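What follows is the residue order along each chain.
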Amino acid sequence: MAIRKKGKFNIIDAVVIVVIVVLIAGAVYKFRGLEKTSTNTSLETVSYEMTIESLRDYAFNNLQAGDTVFDYTSGKAIGTITNIEWKDAVEPFYTIDGQTVDGTVENRYDAVVTLEAQASQTDGVYFIDRTYELCVNSNRKIYTKYADCTATITGINM
């Protein structure tokens, strides 16, 4: 009959015990120590402006107040048009003597579109539908029922 030797505590046993202790400590920290995020986010009405540059003259009929604007990548609504201000499109032109002057572009218009949407605010940043971040000077591909274009967010109002 062979007598079995009782096992000695070795390095593998120590590693297993350390891993178990770290896992237990991590679970306790996650469920007890971390601050819970709020699931209730109050929505507030935000008005913001987008500038669409160099639209052709037929865009007068394609963009109307009351139209819903959608984000091109997600397909989600990002606001309703409340006002449209039309301006003559301008582009820089270079003169023969080396100066740069702004000149109007024939049959092209810039539109400053005011949108209104329900948004949440987190640390001073506004989010529409909790995913669409409003950032001034960001270019966004948008569309409405009859128009498809790229716009720049130029202002956020409360």
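As the structure is a prediction and not an experimental result, all values here were calculated from the model.

## Describing the overall build of the protein chain
- Across its full length, the protein chain carries 2 helices and 8 strands.
- Along the protein chain, helices (α) and strands (β) appear in the sequence α-β-α-β-β-β-β-β-β-β when read from the amino end.
- With respect to the principal axes defined by its C-alpha atoms, the protein chain has extents near 105 × 45 × 30 Å.
- Expressed as a percentage of the 158 residues in the protein chain, the buried residues total 25%.
- Taking the contacts inside the protein chain whose residues are at least 6 apart along the sequence as the reference set, 59% of them involve residues at least 24 apart.
- For the protein chain, the accessible area works out to roughly 11,700 Å², and carbon and sulfur atoms hold 54% of it.

## Notes on the pairing of strand 1 (residues 44-56)
- Judged from the 11 bridges that link them, strand 1 and strand 4 (residues 100-122) form a sheet pairing that is antiparallel. The partner of Arg56 across the bridge, within strand 4, is Arg108.
- Judged from the 5 bridges that link them, strand 1 and strand 8 (residues 148-157) form a sheet pairing that is antiparallel. Within strand 8, the residue paired with Tyr48 across the bridge is Ile156.

## Here we look at the nonpolar core
- Core analysis: the biggest nonpolar cluster contains 25 residues, and Tyr48, Met50, Ile52, Ile128, Leu134 and Ile142 have the highest contact counts within it.
- Elements represented by at least two residues in this core include exactly strand 1, strand 3 (77-94), strand 4, strand 5 (125-128), strand 6 (132-134) and strand 8.
- Those residues in contact with Met50 that lie beyond four places of it in its chain are Ala111, Val112, Val113, Leu115, Tyr132, Arg140, Ile142, Ala151, Thr152, Ile153 and Thr154.

## A word on the environment of Asp148
- Topologically, Asp148 is positioned in strand 8.
- Expressed as a C-alpha distance, the spacing of Asp148 and Ala111, which sit 37 residues apart in the sequence, is 13 Å.
- Not counting chain neighbours up to four residues away, the residues in contact with Asp148 comprise Tyr72, Lys141, Ile142 and Tyr143.

## A closer look at the environment of Tyr132
- Note on placement: Tyr132 falls in strand 6.
- For Tyr132, a relative accessible area of 8% gives the class buried.
- Sequence spacing of Tyr132 and Lys76 is 56 residues, and the spatial spacing of their C-alpha atoms is 9.0 Å.
- Filtering out sequence-adjacent residues up to four positions away, Tyr132 remains in contact with Met50, Asp71, Ile78, Tyr126, Phe127 and Arg140.
- Polar contacts involving the side chain of Tyr132 include one to the side chain of Arg140, which spans 3.3 Å.

What counts, and at which threshold
- Residues numbered from 1 in each chain as written.
- Predicted model: local features only at pLDDT ≥ 70, side-chain atom pairs only at ≥ 80, totals over all residues.
- Heavy atoms only, no water.
- Helix = DSSP H or I, 4+ residues; strand = E, 2+ residues; numbered from the N terminus.
- Buried < 20%, exposed > 50% of the residue type's maximum accessible area, 1.4 Å probe, protein only.
- Contact = heavy atoms within 4.5 Å.
- Areas by Shrake-Rupley, 256 points an atom, 1.4 Å probe, with all protein chains shown as cover.
- Pairing = 2+ DSSP bridges.
- Core = buried A, V, L, I, M, F, W, Y, C linked by side-chain atoms within 4.5 Å.
- Polar contact = N/O pair within 3.5 Å; in protein donor to acceptor, adjacent residues only side chain to side chain.

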